[in-house]
Amino acid sequence: MSDALSFLEEDLTCLICCDVFTDPVTLKCSHSLCSECLQRFWTTQTVPQCPVCRKKCSHDEPTKSLAFRALCESFKTRKPTAVSGDVCPLHKETLKLFCFDDKQPICVVCYTSKKHENHKCSPVEEAAGNLKENLKELMNKLEVTLADLMKANESCVEEAELIKEHTSVEESKIKKEYEKLYRFLREEEEKRIEALRKEMQPRDEKLKARMEDLSAQISDLSERTASLWKLMEAENITFLQNYSDALKKLEHPSAPNVSPEMEEFQHHPIQTMIFTTWARMQNLVEQPPVTLDPDTASDRLMVSQDCTSVQFMHKKIKVSDIPERLYVGVLGSQGFSSGLHCWDVEVRDSDHWTLGVVGETVNRKKLCKMDPASRFWCFRYVDGKYKKGNKPTKDFDYNERPNIIRLQLDFYKGQLRFIDPFRNRVLCSFNGGFPERVFPYFCSGDLITPLNVFPANRQQQ
């Protein structure tokens, strides 16, 4: 039905106003238009003409059809109109109620139907007011969440800027340090090449002089040989007349040593040269014998940028859970499986610290037992008491408490000693050897005083 009305409407539409004809008239060319639209169009024309086919016509030409007019009026009354937004599409009644179960506005007829039986409903004004209050509360929560997200984003932006700045600074440091190495290697290369050239220059000059002498002799003999061949081809009288001179030309110095003895070159083994350069290059690298490995630090310890200090933090730090990381403490970057090693740790007035060495194969993801059987050799200060592992040891007068603890590891003797370097006394020692490679161990529980690591021969400032 709607499609039929649609097609009919196209036939009853004025081509000027694009609406159903009002008071339609028809021209001789059979085109129909609204009377008012046609008259308005002709006011813009010098000569009246049809707006559709542009044929000339007169002002008396338009004719009215009462039947056609009645058809247009009838169509207008039968054409469906859009339903208002506040009218129920099912019952054409005003939407006066809101159904909370179906979450939609309904009319009174809908309310009395089975579809909404026992549903909670309220007048539109009351429901809108309550729902707006509820929505406002939810929006307030969303705004709080949005503010938190924006704050978090700002923190990320700030952190990104800090990371960018830190990266730039670290890149500059790396480039500066490696430039030292590059410059050192370039200088070493130039020195080695210059020394080689100086060594080979006398031989080269001597060889050039010999080559010049040989060249002169070759030229002289070539000329004499050519003149003798020419004499051989002359007439007999001429040959005999010059025979005496020819014999003189055949005289020549003793034949030179065609293969002179070559001087032996002094060999410069490349590997030896590289090793010597590497040994000298180590003097450029200034670092303590023991540094901290940040990748092993637990989530309550902050390692300094130069990896020589560790600080206990009140809150946990966000760190990646990698296999190297300890459950508690931090390890040195270097492990030892031979030799004699010594390093100092500045503890000052820290009231909670643990120092020592641990075996390479200990389980880093759990709290280790503090005894050699568990491959953990340590000396501690906890709750005002010094301990060898978990066992109490000799206490010291407050005024004699060491500010620096020196750890002396003799892997060959299998001995680890903790020493007060300023009073030259042994605080604690372990004997019995080490079954595997060991790493220096550090742990702090003091929020104020960090532990500082430096070479054993450095004196406290």
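Residues numbered from 1 in each chain as written. Predicted model: local features only at pLDDT ≥ 70, side-chain atom pairs only at ≥ 80, totals over all residues. Heavy atoms only, no water.

**Some details on unusual backbone geometry**
The cut-off we apply is this: Secondary structure is summarised from DSSP: a helix means a run of H or I of at least four residues, a strand means a run of E of at least two, and numbering begins at the N terminus for each. Type-normalised accessible area, obtained with a 1.4 Å probe on protein chains alone, sets the label of each residue: buried when under 20%, exposed when over 50%, and partly exposed for intermediate values.
Phi at Lys 103 is positive, roughly 55 degrees, even though this residue is not glycine. The residue Lys 103 is located in the loop between β4 (97–99) and β5 (104–106) in this model. In this structure Lys 103 comes out as exposed when scored by relative accessible area, which is 65%.

**Quick word on the pattern of salt bridges**
Put simply, the test is: We count a salt bridge whenever a side-chain nitrogen from Lys or Arg sits within 4 Å of a carboxyl oxygen from Asp or Glu.
Counted according to the given criterion, the structure contains 14 salt bridges. A salt bridge links Arg 425 to Glu 400, with the shortest nitrogen-to-oxygen separation between them at 3.5 Å. Taken as a pair, Arg 425 in strand β17 (residues 425–431) and Glu 400 in the loop between β14 (391–392) and β15 (404–410) lie far apart in primary sequence, 25 residues in all. Between Arg 425 and Asp 420 there is a salt bridge, with the nearest N and O atoms lying 3.2 Å from each other. This pair shows no difference in class: Arg 425 is buried, exactly as Asp 420 is. Connected through shared salt-bridge partners, Glu 400, Asp 420, Arg 423 and Arg 425 make up one network.

**A closer look at a nonpolar patch on the surface**
To keep things clear, this is the line we draw: Every patch collects residues that have over 30% relative accessible area and no salt bridge, joining them within 9 Å if they carry like charges and within 5 Å if they are nonpolar side chains (Val, Leu, Ile, Met, Phe, Trp, Tyr). Here, Shrake-Rupley sampling with a 1.4 Å probe gives the accessible areas, and only protein chains in the shown set may cover a residue.
Residues Leu 135, Leu 138 and Met 139 make up a contiguous nonpolar surface patch of about 290 Å² in total accessible area. Note that Met 139 resides in helix α5 (residues 124–232).

**Digging into the sheet that holds β14**
Going by this rule: Two strands qualify as a pair provided that DSSP identifies no fewer than 2 bridges between them.
If you trace the six strands from one edge of the open sheet to the other, you get β9-β18-β11-β12-β13-β14, paired in antiparallel fashion. Each end of this open sheet is capped by a strand with a single partner; those strands are β9 (330–331) and β14.

**Digging into the sheet that holds strand β10 (residues 340–346)**
Stated formally: Helix axes are fitted only over the stretch in contact, all axes being lines through C-alpha atoms; the angle between N-to-C directions runs from 0 to 180 degrees.
Spatial ordering of the open sheet is given by β7-β8-β19-β10-β15-β16-β17, a layout of seven strands whose pairing is antiparallel. The open sheet terminates on both sides in strands that have one partner only, identified here as β7 (301–303) and β17. Each neighbouring strand pair of the sheet contributes to a mean axis angle of 20 degrees, computed without reference to strand direction. Taken together, the two bridges between strand β8 (residues 309–312) and strand β19 (residues 451–455) define a ladder with antiparallel strand orientation. Each residue of the ladder has a partner; that of Ser 309, found in β19, is Asn 452.

**Notes on the packing of aromatic side chains**
The cut-off we apply is this: Paired rings are identified among Phe, Tyr and Trp, the last through its six-membered ring, by centres lying within 6.5 Å, and are further divided according to the angle between planes into stacked (under 30 degrees), edge-to-face (over 60) and tilted (the rest).
What the rule picks out here adds up to 15 aromatic pairs. A centroid spacing of 6.2 Å and a plane angle of 45 degrees characterise the contact between Tyr 178 and Tyr 182, whose relative ring orientation is tilted. A residue pair is termed a helical-turn pair when its members lie 3 or 4 positions apart in one helix, as Tyr 178 and Tyr 182 do in helix α5 at four residues. Measuring from ring centre to ring centre gives 4.6 Å for Tyr 381 and Tyr 386, while their planes differ by 50 degrees; the resulting arrangement is tilted. Classification of Tyr 381 as buried rests on a relative accessible area of 6%.

**Some words on the side chain of Ser 122**
Convention followed: Residue contacts are counted whenever heavy atoms from the two residues lie within 4.5 Å of one another.
Structurally, the position occupied by Ser 122 is in strand β6 (residues 121–123). The exposure class assigned to Ser 122 is buried, which follows from its relative accessible area of 10%. Sequence-distant contacts of Ser 122, that is, excluding residues within four places in its chain, are made with Lys 96, Leu 97, Phe 98, Phe 100 and Ala 127.

**Here's the deal with the confidence of the model for the chain**
Residues shown with low pLDDT carry predicted positions that ought not to be read at fine detail. Put simply, the rule reads: Each residue carries a pLDDT value, the predictor's own confidence for that position, ranging from 0 to 100.
Scored by pLDDT, the chain comes out at a mean of 85, with 90% of its residues at no less than 70. No element of the chain has a lower mean pLDDT than helix α1 (residues 2–11), at 63, and none a higher one than strand β18 (residues 438–444), at 97.

**A look at the side chain of Thr 449**
Operational definition: Polar contacts, as counted here, are pairs of nitrogen or oxygen atoms within 3.5 Å of one another; within protein the pair requires one atom able to donate a hydrogen and one able to accept it, and residues that are adjacent in sequence qualify only if both atoms are side-chain atoms.
Checked against the element boundaries, Thr 449 lands in the loop between β18 and β19. Separated by 3.0 Å, the side chains of Thr 449 and Asp 349 make a polar contact. Apart from the residues lying within four places of it in its own chain, the contact partners of Thr 449 are Gln 311, Val 347, Arg 348, Asp 349, Ser 350 and Ser 444.

**What about the nonpolar core?**
Here is the rule: Side-chain atoms within 4.5 Å link the members of a nonpolar core, which is a set of buried Ala, Val, Leu, Ile, Met, Phe, Trp, Tyr and Cys residues.
In this structure, Trp 343, Trp 353, Leu 355, Phe 418 and Phe 442 are the most contacted members of the largest nonpolar core, which totals 35 residues. Contacts of Trp 353, omitting those with residues within four sequence positions, involve Val 347, Phe 379, Arg 380, Tyr 381, Tyr 386, Ile 405, Cys 443, Ser 444 and Leu 451. Among the nonpolar cores identified, the runner-up in size contains 17 residues, and Cys 14, Leu 27, Trp 42 and Cys 57 belong to it.

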